[in-house]
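Coordinate inspection notes
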Amino acid sequence: MAQKSEEDDKVRLDKWLWAARFYKTRALAKAAIESGKVHHRGERCKPGKEPRIGDEYVIRTGFDEKTVVVEALSIVRRGAPEAQTLYRETEASVAKREAAAAQRKAGALGVSTDGKPSKKQRRDLFKFHGSNSE
């Protein structure tokens, strides 16, 4: 077990996001922070910001947006079960993410095609759109 030291109290935000396994590398965490994907109290953060226990961050990764509360600080990247103890995702955030995922899944199921159009179908499309490119 790692013992709590003074260094853990002074942890950078990019290091904490990396240790909490939100991003694979610290460079990716820093780039995400600089591009405005991490917010604290509605404002963009800087990579050198020092997170405190109880702070709430909104983190955007891909399609998902998570609202997490800092539970513990660490500068060491460990296994996923230990990393999940560093934060707690809010119930509203979990519900919002699940609803968005269900909506994306339903939208993907609604559109189905037979693949690439045949030569005849393509000619018919060109006729319909009034294009003279044959």
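Parameters and conventions
Residues numbered from 1 in each chain as written. Predicted model: local features only at pLDDT ≥ 70, side-chain atom pairs only at ≥ 80, totals over all residues. Heavy atoms only, no water. Core = buried A, V, L, I, M, F, W, Y, C linked by side-chain atoms within 4.5 Å. Buried < 20%, exposed > 50% of the residue type's maximum accessible area, 1.4 Å probe, protein only. Helix = DSSP H or I, 4+ residues; strand = E, 2+ residues; numbered from the N terminus. Contact = heavy atoms within 4.5 Å. Salt bridge = Lys/Arg side-chain N within 4 Å of Asp/Glu carboxyl O. Phe/Tyr/Trp six-rings, centres within 6.5 Å; stacked < 30°, edge-to-face > 60°. Pairing = 2+ DSSP bridges.

This brings us to the nonpolar core. Ranked by internal contacts, the top residues of the largest apolar core, which has 20 residues, are Trp16, Leu17, Phe22 and Val38. For this core, the secondary structure elements donating two or more residues are α2 (13–19), α3 (26–34), β3 (56–61) and β4 (64–70). With four residues, α2 is the single largest residue contributor to this core. If we skip the residues at most four places from it in the chain, Trp16 touches Val11, Phe22, Pro51, Val70, Ala72, Leu73, Ser74, Leu86 and Tyr87.

A side chain with one charge can pair with a side chain of the opposite charge if their charged atoms come near. Taken as a whole and judged by the stated rule, the model has 10 salt bridges. Residue Asp124 pairs with Lys120 through a salt bridge whose shortest N-O separation is 3.3 Å. Remark: Lys120 and Asp124 occur in helix α6 (residues 119–129); sequence separation between them is four residues, near one turn of the helix. Of the residues examined, Asp124 reaches a relative accessible area of 36% and is grouped as partly exposed. One continuous salt-bridge network, built from bridges that share partners, spans Arg12, Asp14 and Arg26.

A positive phi is found at Arg21, a non-glycine position, where the angle reads about 65 degrees. What makes Arg21 partly exposed here is its relative accessible area of 39%. Positioned with a positive phi, Arg41 is a non-glycine residue whose angle comes to about 55 degrees. Residue position: Arg41 is located in the loop between β1 (38–40) and β2 (43–44). Under the relative-accessibility criterion, Arg41 is labelled exposed at 72%.

The next subject is the packing of aromatic side chains. Inspection of the entire model under this criterion finds two aromatic pairs. Note on Phe22 and Tyr87: the rings are 4.7 Å apart at their centroids and 45 degrees apart in plane angle, and the pair reads as tilted. One end of the pair, Phe22, is in the loop between α2 and α3; the other, Tyr87, is in strand β5 (residues 87–89), and 65 residues separate them in sequence. Of the residues examined, Phe22 reaches a relative accessible area of 12% and is grouped as buried. Members of the aromatic cluster, each reached through a chain of ring pairs, are Trp16, Phe22 and Tyr87.

Our next topic: the pairing of β3. Where β1 and β3 come together, three bridges link them in antiparallel fashion. In the strand pairing of β3, Val38 is matched with Ile59. Both β3 and β4 contribute to a ladder of six bridges, which runs antiparallel. Paired with Ile59 across the two strands is Lys66, which belongs to β4. Turn length for the β3-β4 hairpin, with the two strands adjacent in sequence and antiparallel, is two residues, and the turn residue Gly62 shows positive phi of about 65 degrees.

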